[in-house]
Structures are given as C-alpha cells and as structure tokens.
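# Coordinate analysis (summary)
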Amino acid sequence: MSLFDAVRELPLVVESYDLDGYAYTISSEFTRKTTVIRLSGAGEEGLGEDVTYDGAEQDKQQARGPNLPLAGDWTLETFSRHLDAQALFEHEPEMQAYVDYRRWAFESAALDLALRQAGRSLGDAVGREPRPVSFVASGGLGEAPSTARLRAFLTLYPGLRFKLDARPDWTDEIFAELKELGCVDSVDLKGQYSGTVVDNPPDPNLYRRVIEAFPNAWIEDPALTPETEAVLEPHADRVTWDAIIHSVEDIQGLRWPPRTVNVKPSRFGTIERLFATYEYCEEIGIGAYGGGQWELSIGREQIQLLAALFHPDTPNDVAPGGYNAPTPPPDLPASPLVVRPRETGFAVRS
C-alpha cells in the first residue's frame, strides 16, 4: 500500500468555503500576503494556506471570494481530481509555481477537513508518531552584509543553526566571522531561480569560497554552468536542491544523485505528489528536509507537522515565525521543536 493509499479514500463532505487574508510587512519594499482557505462541512472546518508570493494575486483571490464549485460529497482523491478542472487563477499567473502553491492550499485544507470528519489525526492515518523537529533559521545577511542579526539571535539562543542565502558581496571578513561563529548548516546559492527578486547569477568564485568556508554544510540550489560544475563536482555529495523539486521525476533527473533534497510541501501542489516523494526518498535512501514559504498562519504549523512525521532529524527550514523577525523576540521555542498534533486533522494544538 502506498503512502497516499492511507488517505485517498477518506470521505470528504464540503458544504462551503471562505477566504481569510493575512499580511505581514517585511520591509518598506515588501509586504507578505497569504490567503487561508477554510473548507467547511459536516460541522467541521479544514484549513490550508496559499503562499503565492504575488500580493496582487492574493488581493484578487480575496476580492473574488469563494466562487469555485467545491461543494459535494467526495473522497480526498476525487476532490483532488475535481481540483484538476478548476481555474484557481483568472489568468495564467506570472510564475507557474503559483499554481502549485494555490493548489496546495486547497489540498491541505481538504486533508485537514477529511481527517477531522473521520475523527483521525494525520499521524494516525499514515501510521507514524511525530518526533521533535530540528530546525534552522534562514535568511540573508542584509543589503550591507552583516552578522549582527545572527549574533543577536545566538545571544538568546546559543544552539541555533542557520541556513544562509549567500551573495557575491560577502566579504572576506563576513566569511571569517561566519566560520568563527560555527553556526551554518546549509548555504542557499539561489541559483535555480529566474525572474524573481532573489535571483543569484552563477558565480564560480562565490561557490568556491562557500565550499571552502563551510566544509560540512549543505550547498543548496547552485546554478549549473561548465564553470560552476567544475567547482561543484568534487563536492557533489553536499549539493542539494529546492526550487526545482516538485515531484519524484524531478529528483530522478538531477545532475548528481543527491544525498538529500528540500521537500517543500507547497511546491508539490497535491498531497499525492508530496507523499509519493516522501515514499521514494525513503525507499532509495535519500534524505529529506522541509522548507517554508513565509507562511503567516496554518501553513507553518502544517509543514512543522509533516517534518515531525517524515524527517524530524534534518536541518528543516521550518522555524517558528519569530525567527524571521529583524531582532530576536524572547522566549521562542528552541530546536528541536516539540510538535503537538491535534487529536484530529492536519493541524497542531495552539
């Protein structure tokens, strides 16, 4: 029996749905917006979060309201097939990834609702017990690179580990400070993005400096050119991938067989594709770690729960939201994070 078989026949009654908008100002140039999908039926409610990065698309969705024909008696699988035929956007979005992000919101809300209606938790359904989740805090070092923010967090949380976005403007002093701090578990080169604000062009010199400075860190999402491949090849067992991983087939097509990959749930769109990827990685011995998308609500809790069930002991980029703050708030939960699932649903206790 496949992992998806454990949930595909869950009955699902959908009577209506609603949309809740969330917003968080990250900087003067960017406000993060997300939309929570609330599916209702049989006296229960299931939640999922749309992490599409285009704020205007979030505004449009919320203005349109719950206009999709989702009411009916389904199974989780037939509801997913029904979503195949739904226009989740009024037009082709700027990035194809947004379709998967929005689809994930509806799929995760449906899984939550079906489990609640069945009186079961996700762990019970898939036969797994959640374990405490190791996590890293992620981000860059600012426009004028500085380790000040990292040092502030380490003062309050001395065991904290980081996943950092490397940039060509990192100076020798920055590399030296990071080596001194000894807190870097992975470095994201952002080389697999195109047409986004985080694009990072291929830079063999930067790659070489990162590889030498952090000999035990994972190297995520390099851009592949003849020049960068020459630098990366001797360290291919440390190369891992995120932005291009949406399915089992994407893993099978990688330049080098990976030791681990970033299995970011919202990139997969459907529960079936996500579960197939967990299963494939376990079957052939590929490690997995989870990643977030600046979720502002239920989505963050759900990726923490998935990490607790499927890959708790890896450098999961699923830290509680307070670790994204410019300055460290007091009393944040430390890694490993104890995840306490609700007795029913795809959710954790508040």
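Residues numbered from 1 in each chain as written. Predicted model: local features only at pLDDT ≥ 70, side-chain atom pairs only at ≥ 80, totals over all residues. Heavy atoms only, no water.

### Topic: the overall build of the protein chain
Of the regular secondary structure elements, the protein chain holds 13 helices and 12 strands. For a compact globule of 350 residues, the expected C-alpha radius of gyration is about 20 Å, and the protein chain comes in at 20 Å, within 12% of that figure. C-alpha extents for the protein chain along the principal axes are approximately 60 × 45 × 40 Å. Sequence separation of at least 24 residues holds for 68% of the intrachain contacts in the protein chain that already meet a minimum separation of 6. Put simply, the protein chain shows about 14,800 Å² of open surface, and 50% of that area lies on carbon and sulfur atoms. A distance of 3 Å separates the average location of the 32 positive side-chain charges in the protein chain from that of its 55 negative side-chain charges. (Helix = DSSP H or I, 4+ residues; strand = E, 2+ residues; numbered from the N terminus. Rg over C-alpha atoms; globule rule 2.2 N^0.38 Å. Contact = heavy atoms within 4.5 Å. Areas by Shrake-Rupley, 256 points an atom, 1.4 Å probe, with all protein chains shown as cover. Lys, Arg positive; Asp, Glu negative; His and termini not counted. Charge placed at Lys NZ, Arg CZ, Asp CG, Glu CD.)

### Description of a nonpolar patch on the surface
On the surface, Tyr24, Ile26 and Phe30 cluster together into a nonpolar patch covering about 230 Å² of accessible area. With respect to the helices, strands and loops of the structure, Ile26 is situated in strand β2 (residues 16-27). Using a relative accessible area of 31% as the deciding quantity, one classes Ile26 as partly exposed. (Patch = residues over 30% accessible without salt bridge, like charges linked within 9 Å, V, L, I, M, F, W, Y side chains within 5 Å. Salt bridge = Lys/Arg side-chain N within 4 Å of Asp/Glu carboxyl O. Buried < 20%, exposed > 50% of the residue type's maximum accessible area, 1.4 Å probe, protein only.)

### Comments concerning the nonpolar core
Of all hydrophobic cores here, the largest spans 99 residues; its most connected members are Leu39, Phe214 and Phe275. Per-element tally for this core: the top contributor is helix α4 (residues 97-118), with 12 residues. If sequence neighbours within four positions are ignored, Leu39 has contacts with Val14, Ser16, Tyr17, Glu44, Glu45, Gly46, Leu70, Phe79, Phe106, Ala109, Ala110 and Leu113. (Core = buried A, V, L, I, M, F, W, Y, C linked by side-chain atoms within 4.5 Å.)

### Here's the deal with α4
Its 22 residues place the ends of α4 31 Å apart at the C-alpha level, agreeing with the 32 Å of an ideal helix rising 1.5 Å per residue. One or two steps after α4, the chain reaches Gly119, where phi turns positive at roughly 70°. (Expected span 1.5 Å × (residues − 1).)

### Observations concerning the sheet that holds strand β3 (residues 30-41)
The three strands lie next to each other as β2-β3-β4, forming an open sheet whose pairing is antiparallel. The sheet is open, and its two borders are formed by β2 and β4 (44-50), each paired with just one other strand. Taken pair by pair, the neighbouring strands of this sheet meet at an average axis angle of 20°, ignoring direction. The pairing of β2 with β3 spans 11 bridges and is classified as antiparallel. By the bridge assignment, Asp20 is partnered in β3 with Val36. α4 contacts β2, β3 and β4 of the sheet and is inclined by roughly 160° relative to β4. (Pairing = 2+ DSSP bridges. Axes fitted to C-alpha atoms, helices over the stretch in contact; angles between N-to-C directions.)

### Focus on empty space enclosed by the protein
Summed over the entire model, instances satisfying the criterion amount to two cavities of 30 Å³ or more. Of the volumes computed, that of the largest cavity is approximately 80 Å³. Tyr17, Leu19, Gln61, Arg64, Gly65, Asn67, Leu68, Ala87, Leu88, Arg102 and Phe106 are the residues that line the largest cavity. Looking at the lining of the largest cavity, the elements with two or more residues in it are β2, α2 (55-64) and α4. In the lining of the largest cavity, the residues fall into six nonpolar, three polar and two charged. Considered as a void within the structure, the second largest cavity measures approximately 30 Å³ in volume. Around the second largest cavity sit Glu49, Val51, Trp104, Ser266, Glu295, Gly299 and Ile303, which together line it. Each residue belonging to the lining of the second largest cavity can be placed in one class, and the counts come to three nonpolar, two polar and two charged. (1 Å grid on protein atoms, 1.4 Å probe; cavity = no way out; pocket = protein on both sides within 12 Å on 5 of 7 lines; lining within 4 Å. Points joined across faces, edges and corners; volume = space filled by probe spheres on them. Nonpolar A, V, L, I, M, F, W, Y, C, P; charged D, E, K, R; others polar.)

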